[in-house]
Structures are given as structure tokens and as C-alpha cells.
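# Working through the structure, step by step
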Amino acid sequence: MERRELLKAAAGVGLVLRGRQAAAGQAVGDSAPGPRAGDRFVFALGARRGEPIVPSDLAPGGALLLAWPMDPASGAVRDGSRLNQVALVRLDPATLDAATAARAADGIVAYSGVCSHTGCDVSEWIDSTRTLLCPCHDSEFDPARGAEVVLGPAPRRLAALPLAIVDGALEAAGGFIGRVGADPP
Amino acid sequence: MIPTPHRTAALAVAAACALTVAPAAQDDGDGGYTPVTNERLRNPEPGNWLMYRRTYDGWGYSPLDQITTANVGRLKPVWTFSTGVREGHEAPPVVNDGRMFVTTPQNQVFAFDAATGDLLWRYARELPPALQQLHPTNRGVALYGDKVYIGTVDTHVVALDAATGDVVWEQAVEDPAVGYYITMAPLVADGKVMVGTSGGELGIRGFVAALDAETGQEVWKTHTIPSPDEPGGDTWPGETWRNGGASVWATATYDPELNQTYWGTGNPGPWMGDARPGDNLYTNSVLALDASTGAIAGYHQYHWNGSWDWDEIDPPLLIDIERDGRAIPALVHPGRNGYLWILERGPSGIGFIDAEPYVYQNAFTAIDPRTGRPSYDPEHTPGTGKPASFCPSLTGGKNWPPAAFNPGTRLLYIPAIENVCTSMEGRPVEYTPGRMFTGARSTYEIRDGADHLGELQAWNLDSGELVWRREFASPNWGPVLTTAGGLVFMGGTNDRHFRAFDAASGDELWSIRTNSGVIGIPSSFAVDGRQYIAVQSGWGVDAQRMQGGLDRFRGERTHVPQGGVIWVFAIEE
């Protein structure tokens, strides 16, 4: 009985497509190392995909950027897992709560770009409410208050990433703080 | 079998699963399971529910008549079972000679003794940790031979040994990393296992694939969007066909005499029609595919160049109706676009008979009486940089929950959503593999003066008349079961109720308040001469999303608890 249970569950592990995911789309099957102190950022989307992000790319009070962390020494982009995706936005520093302000750099804040609900991209900025939106199920997060949930089904805030500006470059000041990705079912 | 390098980790996970299952499990061994044949799928015994809607015609009808309008008031729970997961529990309990098979979100499969609730085995798929789940649900198993088939959110089809739950084979159908995923129950027809995929919001190119039931090897694959050199390819400008959607995420119906399967297809992507001028075949259509070859035997496009997110994935019911003294082998589809479509099936293709709105619809101005082609009101058609409000909402007059047909009353029962509209505006969007590719933002609106949002409608298809209608304050997300006992069973509302109605009058005869909202397909079966009703209660997915949108509009917060439970009912003895 027990062996049978083992085998059936074991055979259920779906890793067949692992090899080609990174090239074809968003990697879903891996847990590559996430951002760490000193990492810089590159555009994850759009015409400048793969190019470095500098502080002036982030307009005050607007437009969310989705980014991948990059090892500055090797230039390796840490896009081996969707879970490494970072959402960057620049806010008015006066609007940040104390914990958020402590992690921000010149008003720029960073969070996991993967929703805590079912793991979709946190890909949109709503200017009227100054919130981050996951368009899959309309969860909204307040980036000035540690990305706490404002609306929608997300069960908890997004993981935060502390930032620093070093010699004019935007850098991670550590790894993610909090749980990245969706809760277990 | 699994690749060797992953075995150790997989076994560690499996051990955890086994611990939770072992104390409750019974093992009947390999004996005693009745194989499912083509003949049994075509003519199932009255006590069995062998597929998604029980029969190939999609009726959702059980010929069992022990539970009646007279005694349904004494319907009581016989057993329940917690699935251990949240989100949308939409699958029907499928029953073959006393064995029940139920799927849940996250691709679990449970096998039970259907009468007692004894757990026989459990399959639990380990899903990739970073998988995004736009629709965390699964709509059930297919049965054939001695196997149980499931499609997975990481885009595999898995065949399990029906007696033991052991994996017999698993086959990757497409790549989840670029937006393909499976939520539908497979269709077994002509000895093949057929699936389509979701992913219309993520820039996929839809298809139906047929796999060999014994090996999982692909037998045929037919795209629901033609390439430029195929018929209909000229309905897509440039390269737009490559990411045009036309997803397939509900189980087809099947006419064994014609050997045609009938698949509903999703909307085009991105959502704004002005991003892809043309009819965009075969989006928002029914496609008749030859079961042996996958060849397109006919189609009808319900609406062309869609801009409303109105997937027409729900397949048509196969019902012989009479119109003006003529017997018509019909295809009946209560559309997400708010019209009730009557089409005619035949060896040479699909013909148009009639279409009438069954909910308030303001986007169509006319239906061509010969072809069924609708004309549009530009005021209620959104575009890129052009906001518009339209009714019904993007969720539709009816979403995926299937309607049911009762040959005794000759009524079609439609779970409808009324008085909800959408305001939408398109914006340019660039295709990036695996990312959202809708190019639109939208909000829900409720029509002024609306006193209800959900309906259960009963239509006489011969006369084309609405016979009765029940109204609910909540939107209705309830799949429908109807029985020879003169009953209709449905949940679907946010108040957690599961209800029984008189099929002839619509009177509510029974209800029970369950753990969560009931968006699962109810089924009925018999064991040792006793009739049962079974359903899953587990709110989530689009029902939850719509509730959130309506709450946003009204400034309210409605909490519908999550977490799935399988319920089985019978008349108190």
C-alpha cells in the first residue's frame, strides 16, 4: 500500500519541460537564486528588455517597472525563475511609512513582482489609487505601506526588497523580505 | 516513468502525501473495476455518470427517478470529504459502478467508494513552484478502459490506473511557460483522449489535441486559428494569428453517428478588435472536428472580431427540436454574448437556425436571419483608447457553467447572470511570452434599478419561449443538473446554498447551506438501487473575481469562505 502511494505521487511530478522554459517564456519549474545585496536591475519587458535600469528610468509617482536582478560582477541576469521578478516604482518619499522608507532609495521601492494570490505578475500601476495591481484577479497593493493588500483576494503583502543607490546606481541592499509567490494551496 | 534524476526528491514529497492518505485508504486491488467502453460511453447505465455531462449530448441529465419532487425535501447528506485545497471546485463527481472520481484545484484526483465515501486512492500532482495560475481549477476526469484521465495546469495529460491511482503515462501537451494550461475535463471519443488549453489572456494559439488512450502519443492536433495558408487564415492581419487566443477550455459534445466533436472556442487576443481587423476565425465559434482525423467538418462563428472577452467555450448541447413542424438535429448554445443560439448539425457542416437574447444585451444591433452574423453598436464596442460600456459584462450572460436539458419537460435550464455590465478601454500591448496579452482594463457595473443579478431560466426550445425564471440577488455561477425525478439541482450563489427546483414550475423544493459557494457540476448516480446526488462546494476563480468587482462597484466586501468539500446526498431511509 505504502509503496504504491509513493510511486503514484512520485510519477506526478511534472518536470518534463524544465529544460526549455527559460528560453521560451517565463521559467516556472525552477528555484534559481533570487536577488541579493549588490545586485543591479535590468528591464524585464519592452523595447529595453535586458538593459540596465538607472534611477532616472523611474518617473516620480508613476509607472511601475518590472525588472530582473543582475549580478554586477558577472552580468548574469537572475531570470531563472519567475519568482525573482521585481516590481520597481518611485513614490514621494514623504508618503512612505517608516518601514518602507527604511528600505527605499530616493523614493524608489521594490517588491516581488509575483502576486501572493496565485502567482501572476504584479504588472500594473493604478495612478488614481497609487496602488500596484495584479490584473489576473485584481489584487491591489499599497507600495507606500509595505505593499499591504488594499483590495482583492491576495492573502498577504508582497515580499519587499531593500534598495540602495550606490555611486548613482540602483542596487538591492539585501534579499527579499517575506515570502515570495503564492501560498501553498 | 519519471526521469531518474528527479526520483529522489519526488519520493520525499510522495512520502508526505502517503502519510495523509494511508489511515483512511482502502485498497480494493486491481479487481472489481468495470472497464469503460465506447458502447458504455454512448449508452451509459442509468446509475452511472461516466463523463463531464454524463452523456455525449451534453445534457447534464440523469434518468434516475428515485429522488422526486415529492420526496426531495427529505434529501440529507450521506457523506462529505474535505479536499484540503482552496479555490474553484468545479469538477463533477464522475461515477462508474460505485467508484467515484473527483478532481480539485491543484490537480488532485480522489477515488472513493461512492456509497460510503471510503477513500480508495489519491493522486496529488506536484506543480512547479513558480507556476502562475490565472484559473486555479480543474473540471474533472475522463474515463476509458481501465484508466482515469486528467489535464493539468502545467499542461500535461495524465493517465491513471482506475483501480490503483498509479500513473500509467503522462504526456506534455504544450508549454506552461508560454501561457498554455489545462483546466478542462478531457473528452474520450472514438477511442482517443482529447483536450484543449486555456491561455487566451496570455497570447496562446488555441488547439484541440487527440492522444492515444493507451500510450498518450498525439494522434492529431487541430489549431483553432488557421495559419495564413489555410482556409480562414486571411481573417487575421499580419502575424496576429500566432497569438490570437481561441482557447478551448470546456469539454466538447459529440455526435457518434456523424463522428463529429463540437468544441467551443474562446475570444481573440489581444482583446480589442481594432488590434486585429478581420473576422478572426475560429474565435468565438463552435468547431465541428472529425473525431478520427481532427479535420474541421464545419463551424459557426457566434460573433466576429470580438472586443468583449466573451469566450464561447461552452460547447453546444445536442438536442433534437421541432421548429415550424420541422425536426431539427440542433446544436443549442446559451452564449456568453447573451444570445441563445440554435444551430443545425449535419454531415456537411453547421447551419444557422435562430438566435435570441436571453439577458439584456446592448452590443448587437441585429442578427442576419440567414447567416446568424451579428451587427454591432459602436457605442458599446470598446477599442484601443476608446472606452465603452457594454452588457452583459465580460463575464457574459452565462459563463462556463453548463446548462442542462431534460427530455421529460423538454426544457433547457440556463444558469444566467443578468443586469451586470462592463466598462472597458483598450490600450496598446506588446506580446511577451508568458505574460498577459489582453491590452485592456475593465470594471464591472450594475444596471440602474437592478433587483437581482442571478437567474435560472427554463426555455422551451420547440416554441422558443421562456417558460419560467428564478431570480437570485447574487450572480449565478451554478452548473445545472436535471433528473427524471422532475428536478433541477444547482448552487452558484454567493450565499453557499445548494438547491433543488421543480423542473416544471421552477419552485424551490429543497436547499442546504454548505461550507462554501457551490460552483461545481452536480451529478447523480445509483449504488445498490439507491440514488445519490453529489456536488463539490468550493468557491473561487472567476466567481470570486466577479464578486470582488461587484463589491468594488458597490463599495462593499462580501466574504465567501474557501476550501473544498465533496457532498453526497440521498433520501433519508
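Residues numbered from 1 in each chain as written. Chains lettered and ligands numbered in written order. Predicted model: local features only at pLDDT ≥ 70, side-chain atom pairs only at ≥ 80, totals over all residues. Heavy atoms only, no water.

### Some remarks on helix H3 (residues 541-554) of chain B
Each α-helix winds once per 3.6 residues, and so residues spaced three or four apart point in a common direction. Residues and elements named next belong to chain B. Between its terminal C-alpha atoms H3 stretches 20 Å, which fits the 20 Å expected from 14 residues at 1.5 Å a residue. In this structure, the buried residues of H3 make contact with strand E3 (88-89), strand E8 (137-138), strand E29 (411-417), strand E30 (420-426) and strand E31 (440-446). Glycine 555 lies just past H3 and shows a positive phi near 70 degrees. (Helix = DSSP H or I, 4+ residues; strand = E, 2+ residues; numbered from the N terminus. Expected span 1.5 Å × (residues − 1). Contact = heavy atoms within 4.5 Å.)

### Regarding the packing of aromatic side chains
All names here are of chain B. Scanning the entire structure with this criterion turns up 32 aromatic pairs over all chains. Aromatic pair tyrosine 149 and tryptophan 169: ring centres 5.9 Å apart, planes at 45 degrees, arrangement tilted. Of this pair, tyrosine 149 sits in strand E10 (residues 147-151) while tryptophan 169 sits in strand E12 (residues 167-172), placing them 20 residues apart in sequence. Each member of the pair, tyrosine 149 together with tryptophan 169, is buried. Ring geometry for tryptophan 304 and tyrosine 376: centres 4.2 Å apart, planes at 15 degrees, overall stacked. With a gap of 72 residues between them, tryptophan 304 in the loop between strand E20 (296-301) and strand E21 (317-323) and tyrosine 376 in strand E26 (residues 374-376) connect regions that are remote in the sequence. On the basis of relative accessible area, tyrosine 376 is assigned to the buried category, the value being 16%. Chaining the aromatic ring pairs together yields one cluster made of Tyr302, Trp304, Trp308, Trp310, Tyr339, Trp341, Phe352, Phe364, Tyr376 and Phe390. Over the aromatic face of tyrosine 360 sits the side chain of arginine 447, whose NZ or CZ is 3.6 Å from the ring centroid. (Phe/Tyr/Trp six-rings, centres within 6.5 Å; stacked < 30°, edge-to-face > 60°. Buried < 20%, exposed > 50% of the residue type's maximum accessible area, 1.4 Å probe, protein only. Lys NZ or Arg CZ within 6 Å of the ring centre and 35° of its normal.)

### Overview of the environment of A:Asp97
All names here are of chain A. Residue placement: aspartate 97 occurs in the loop between strand E3 (86-90) and helix H3 (98-103). With 46 residues separating them along the chain, aspartate 97 and proline 143 place their C-alpha atoms 9.6 Å apart. Those residues within four positions of aspartate 97 in sequence are excluded, and the remaining contacts are Ala144, Arg145 and Gly146. Within the structure, the side chain of aspartate 97 is placed 2.6 Å from the side chain of threonine 100, a separation counted as a polar contact. (Polar contact = N/O pair within 3.5 Å; in protein donor to acceptor, adjacent residues only side chain to side chain.)

### Focus: the state of the cysteines
Inspection of every chain in the model, using the stated rule, returns 2 disulfides over all chains. Between A:Cys120 and A:Cys136 runs a disulfide, and the two sulfur atoms are separated by 2.2 Å. Between A:Cys120 and A:Cys136 the sulfur-sulfur dihedral comes to about -90 degrees; the bridge is accordingly left-handed. In this pair, A:Cys120 is assigned in the loop between strand E4 (108-112) and strand E5 (124-126) and A:Cys136 in the loop between strand E6 (131-134) and strand E7 (139-142), connecting sequence segments 16 residues apart. Taken as a pair, A:Cys120 and A:Cys136 share a single burial class, namely buried. Sulfur-sulfur distance for the disulfide between B:Cys391 and B:Cys421 comes to 2.1 Å. Taking the torsion about the sulfur-sulfur bond, which here is approximately 100 degrees, the covalent link between B:Cys391 and B:Cys421 counts as right-handed. With a gap of 30 residues between them, B:Cys391 in the loop between strand E27 (388-390) and strand E28 (404-406) and B:Cys421 in strand E30 connect regions that are remote in the sequence. Note on accessibility: B:Cys391 and B:Cys421 belong to one class, buried. With no disulfide of its own, A:Cys115 lies closest to A:Cys134 among cysteine sulfurs, the gap being 4.0 Å. (Disulfide = S-S within 2.5 Å.)

### Brief notes about the environment of B:Leu41
Residue and element names in this part refer to chain B. Take leucine 41: it is sitting in helix H2 (residues 38-42). Looking at leucine 41, the relative accessible area reads 2%, which means it is buried. Separated by 112 residues in the primary sequence, leucine 41 and valine 153 place their C-alpha atoms 26 Å from one another. Not counting residues up to four positions away in its chain, the partners in contact with leucine 41 are Val36, Leu50, Met51, Tyr56, Leu143, Tyr144 and Val188.

### Quick look at the pattern of salt bridges
Residue and element names in this part refer to chain B. Here the structure, examined in full by the defined rule, presents 44 salt bridges over all chains. In this structure, arginine 40 engages aspartate 97 in a salt bridge whose closest nitrogen and oxygen atoms are separated by 3.9 Å. Pair noted here: arginine 40 is in helix H2 and aspartate 97 is in the loop between strand E4 (94-96) and strand E5 (99-104), with a separation of 57 residues, a long-range link. Take arginine 40: its relative accessible area is 9%, and that puts it in the buried class. Taking the relative accessible area as the measure of exposure, aspartate 97 reaches 42% and is therefore partly exposed. For glutamate 573, the salt bridge identified is with arginine 530, shortest N-O distance 3.4 Å. On the criterion of sequence distance, the pair formed by glutamate 573 in the segment after strand E40 (565-571) and arginine 530 in strand E39 (residues 530-537) is long-range, its members being 43 residues apart. Owing to a relative accessible area of 80%, glutamate 573 belongs among the exposed residues under this scheme. Its relative accessible area of 18% is what places arginine 530 among the buried residues. (Salt bridge = Lys/Arg side-chain N within 4 Å of Asp/Glu carboxyl O.)

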